[in-house]
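Close look at the chain arrangement
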Amino acid sequence: MVKSAAGVDGRQIERALEDGVSGIVLEGMGLGNTTPGLETAAAEAIDRGVPVVVTSRCHGGAVNGIYGKEGGARTLEEHGAILGGDLPAQKARITLALALSATDDPEEARELVATAAMSAI
């Protein structure tokens with residue numbers, strides 16, 4: 001799990017990729033928006049086949065791909081990130097871990113998480 005905040009760059013994701021992480025939960029701000037550095041690193045993770053689930057650190061409200069600028073949830077979704085709906089980061093992490101344990105196919109894991117996220121809305 002990586003938390004977005006002002007000034008956070010992509011080093012946490014880059015290090016996780018170096019260590020062979022299987023999946024990443026990105027805890028964004030508001031509707032799931034992150035910093036540009038996290039967006040770039042998340043895109044790299046997705047390109048490497050590592051699923052990235054975007055959640056919100058807010059207590060209420062769902063992640064929504066409205067903003068399409070650098071770090072925006074829509075931009076992350078265009079890269080292939082999974083929008084976590086109403087799932088808090090901790091539940092998204094468990095959901096992603098279960099999906100990755102159920103299948104070796106990254107696309108199938110992505111679909112499992114996306115379905116769970118939509119059910120949470």
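Read on for a plain summary of the structure. Numbers given to residues run from 1 along each chain, matching the order in which its sequence is written. In keeping with the predicted nature of the model, local features appear solely for residues at pLDDT of at least 70, side-chain atom pairs appear and are counted solely at 80 or more, and the whole-chain, interface and lining totals rest on all residues. As a convention, hydrogens and water are excluded, and side-chain values are obtained from all of the structure's heavy atoms.

Turning next to the packing of helix H1 (residues 11–18) against helix H2 (residues 36–47). Two numbers describe how H1 lies on H2: the axes approach to 8 Å, and their chain directions differ by 20°. Comparing their axes, H2 and H1 come out roughly parallel. Crossing geometry of H1 relative to H2 is assigned as left-handed. When H1 is examined against H2, the residues Gln12, Ile13, Glu14 and Leu17 are found in contact with a partner set consisting of Leu38, Ala41, Ala42, Glu44 and Ala45. In the contact of H1 with H2, the residues fall into 6 nonpolar, 1 polar and 2 charged. Geometry is summarised by axes, namely lines fitted to C-alpha atoms with helices restricted to the contacting stretch, and by angles between N-to-C directions that run from 0 to 180 degrees. Each helix is a run of H or I in the DSSP string that is no shorter than four residues. Each strand is a run of E no shorter than two, and both are numbered from the N terminus. Each angle is binned into one of four classes, with values under 35 degrees roughly parallel, values over 145 roughly antiparallel, values of 65 to 115 roughly perpendicular, and all other values oblique. Left-handed describes a crossing whose near helix is turned anticlockwise from the far helix by less than a right angle; the clockwise case is right-handed. Whether two residues are in contact is decided by their heavy atoms, any of which lying within 4.5 Å being enough. Classification used: nonpolar for Ala, Val, Leu, Ile, Met, Phe, Trp, Tyr, Cys and Pro, charged for Asp, Glu, Lys and Arg, polar for all others including Gly.

We now examine the sheet that holds strand E4 (residues 82–83). Criterion used throughout: strands pair if DSSP finds at least two bridges between them. Ordered in space as E1-E2-E3-E4, the 4 strands form an open sheet in which the pairing is parallel. Looking at which strands have only one partner, the edges of the open sheet turn out to be strand E1 (2–3) and E4. Relative to strand E2 (residues 24–28), E1 runs parallel, the two sharing 2 bridges. Each bridged residue has a counterpart across the sheet, and for Lys3 the counterpart in E2 is Glu27. Against the sheet, helix H4 (residues 89–102) engages E2 and strand E3 (52–56), with an angle of about 160° to E2.

Each helix should span, by expectation, one fewer than its residue count multiplied by 1.5 Å. Under the 1.5 Å per step criterion, the end-to-end length of H2 is 17 Å for 12 residues, consistent within 8% with the ideal 16 Å. Each residue's exposure class comes from its accessible area (1.4 Å probe, protein chains only) as a fraction of the maximum for that residue type: buried when under 20%, exposed when over 50%, partly exposed otherwise. For H2, the full list of buried residues reads Leu38, Glu39, Ala41, Ala42, Ala43, Ala45 and Ile46. In the core, the buried residues of H2 are packed alongside E1, H1, E2, E3 and helix H3 (73–79). Once H2 finishes, Gly49 follows within two positions and takes phi at roughly 90°, a positive value.

Surface patches are drawn from residues lacking salt bridges whose relative accessible area is over 30%; two like charges belong together within 9 Å, two nonpolar side chains (Val, Leu, Ile, Met, Phe, Trp, Tyr) within 5 Å. Accessible surface area values rest on a Shrake-Rupley calculation with a 1.4 Å probe, where residue burial reflects the displayed protein chains alone. Note on definitions: salt bridges are taken to be side-chain nitrogens of Lys or Arg within 4 Å of carboxyl oxygens of Asp or Glu. Counted charges follow a simple rule, with Lys and Arg positive, Asp and Glu negative, and His plus the chain ends left uncounted. Taken as the charge centre is NZ of Lys, CZ of Arg, CG of Asp or CD of Glu, depending on the residue. Together, Asp104, Asp105, Glu108 and Glu111 give the surface a local cluster of negative charge. Along the polypeptide, Asp104 turns up in the loop between H4 and helix H5 (106–120).

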